[in-house]
Amino acid sequence: MKSKMERPYVFLNVAMTADGKIDTFERRGATISSQRDKERVDRLRAEADAIMVGGRTLLDENPKLTVKSADLRAAREVNGMTPNPVKVGIVSVADLKSASDFLTAGPARIVIFTTQRTSKKQLEFLRARGVELFVHETQRVDLPKALYTLKEIGINRLMVEGGGTLNFELLRLGLVDELTAYVAPLVFGGETAPTLAAGLGLVRSEAIPLKLAEAETWEDGGVLLKYKLLSNSG
Ligand SMILES: NC(=O)c1ccc[n+]([C@@H]2O[C@H](COP(=O)([O-])OP(=O)(O)OC[C@H]3O[C@@H](n4cnc5c(N)ncnc54)[C@H](OP(=O)(O)O)[C@@H]3O)[C@@H](O)[C@H]2O)c1
């Protein structure tokens, strides 16, 4: 029988520099992936039931979160899936504009987890756009609850595409099963440049242990690292 506390299998993907940055201090969504890595990410997306991003990535970067390759979209449909995965936003104040690519690029089902900090008017606007909304009463989105909801609505494989704050919270809460990082041969530096895992951070004794499952060196100078989470409490 299905457990009430079941959540999807969660795999987190990032592109980062050799100094762990996932963007420059300018926060304009700097390109870090090589062409080969972009294709790998597209295949990973095509294997997901849903793709999740955090509020700052959603509002500042306005990602499409669709599968770029027509062949991959067609293959999903042959397998009885929708052409694109469900798009999931984790956003405290869901101030998306009507022309937002997150809302318009598709076709795709859109799910937003937000809080009561989003105005009633904005919630109505999003509902009218066909967004499935879950409004949490906490100050920020309750991530375990959001994952259980996703499982309940049919999401078995969830891909997380950042940013660093969401990544850290999911890792801290033991809600991640797999972490893949493409490490580009670049250094961005910058104290304020976002990193793979931001948030408040952990003391050494609470560091999250990882098990390296795969490491590949690529001809573009990058390295692909795939880790499994060891102390997964999910
Ligand atoms: N290279 C890559 O692979 C990659 C991928 C994605 C993004 N990025 C970069 O990452 C940067 C954005 O990352 P970010 O760390 O600033 O933001 P983020 O992780 O995208 O979004 C975090 C925001 O989501 C909201 N939120 C609501 N509930 C939350 C919860 N339970 N836990 C965590 N966040 C919650 C919070 O908004 P409030 O603070 O308003 O409550 C929080 O500030 C951008 O520069 C983007 O380009 C890089």
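Note that the coordinates shown come from a computational prediction; the quantities given were computed from them, not determined experimentally.

(A) Structural view of the pattern of salt bridges. The full count for this structure, using the stated rule, is 14 salt bridges. Close ionic contact of Glu-132 with Arg-109 constitutes a salt bridge, the shortest N to O distance being 2.7 Å. Here Arg-109 lies in the loop between α4 (101-104) and β4 (110-115) and Glu-132 lies in strand β5 (residues 132-136), a separation of 23 residues in the sequence. The class of Glu-132 is partly exposed, set by a relative accessible area of 25%. Under the relative-accessibility criterion, Arg-109 is labelled partly exposed at 35%. A salt bridge links Glu-178 to Lys-226, with the shortest nitrogen-to-oxygen separation between them at 3.8 Å. With Glu-178 in strand β7 (residues 178-184) and Lys-226 in strand β9 (residues 223-229), the pair connects residues that are 48 residues apart, well separated along the chain. Using a relative accessible area of 10% as the deciding quantity, one classes Glu-178 as buried. One salt-bridge network, in which partners are shared between bridges, spans Glu-178, Glu-214, Lys-226 and Lys-228.

(B) View of the site of the ligand. The full set close to the ligand counts 26 residues, and Asp-23, Thr-57, Ser-92, Val-141 and Thr-165 are the nearest of them. Note that an oxygen atom of the ligand is positioned 3.1 Å from one of the backbone N or O atoms of Arg-56. Between Thr-165 and the ligand, the recorded distance is 2.5 Å, taken from a side-chain N or O atom to an oxygen atom. Protein burial of the ligand: of its 930 Å² of free accessible surface, 86% is covered by the chains. For the shell around the ligand, the per-class residue count stands at 9 nonpolar, 9 polar and 8 charged.

(C) Main features of the side chain of Asp-177. The topology assignment puts Asp-177 in the loop between α7 (164-172) and β7. Within the structure, Asp-177 has its side chain in polar contact with the side chain of Arg-7 (distance 2.9 Å).

Reading guide: rules and limits
- For every chain, the first residue of the written sequence is number 1, and numbering continues from 1 onward in sequence order.
- Given that the model is predicted, a residue must reach a pLDDT of at least 70 before its local features are reported, and side-chain atom pairs must reach 80 or more before they are shown or counted; all residues, however, enter totals for whole chains, interfaces and linings.
- The side-chain quantities take in all heavy atoms of the structure and omit both hydrogens and water.
- When a carboxyl oxygen of Asp or Glu is within 4 Å of a side-chain nitrogen of Lys or Arg, the pair counts as a salt bridge.
- Secondary structure elements are defined from DSSP: runs of H or I of at least 4 residues count as helices, runs of E of at least 2 residues count as strands, and each element is numbered from the N terminus.
- Burial classes follow relative accessibility: with a 1.4 Å probe on protein chains only, a residue under 20% of its type's maximum area counts as buried, one over 50% as exposed, and anything between as partly exposed.
- Proximity is defined per residue: if any heavy atom of the residue lies within 4 Å of a molecule or strand, that residue is considered near it.
- Whenever two N or O atoms come within 3.5 Å, that pair is a polar contact, provided that in protein one can donate a hydrogen and the other can accept it, and provided that, for residues adjacent in sequence, both atoms are side-chain atoms.
- Residue burial considers only the protein chains on display, and all accessible areas are found by Shrake-Rupley using a 1.4 Å probe.
- Following the grouping adopted for this structure description, the nonpolar residues are Ala, Val, Leu, Ile, Met, Phe, Trp, Tyr, Cys and Pro, the charged ones are Asp, Glu, Lys and Arg, and the polar ones are all others, Gly among them.

Just distances and angles here, no functional claims.
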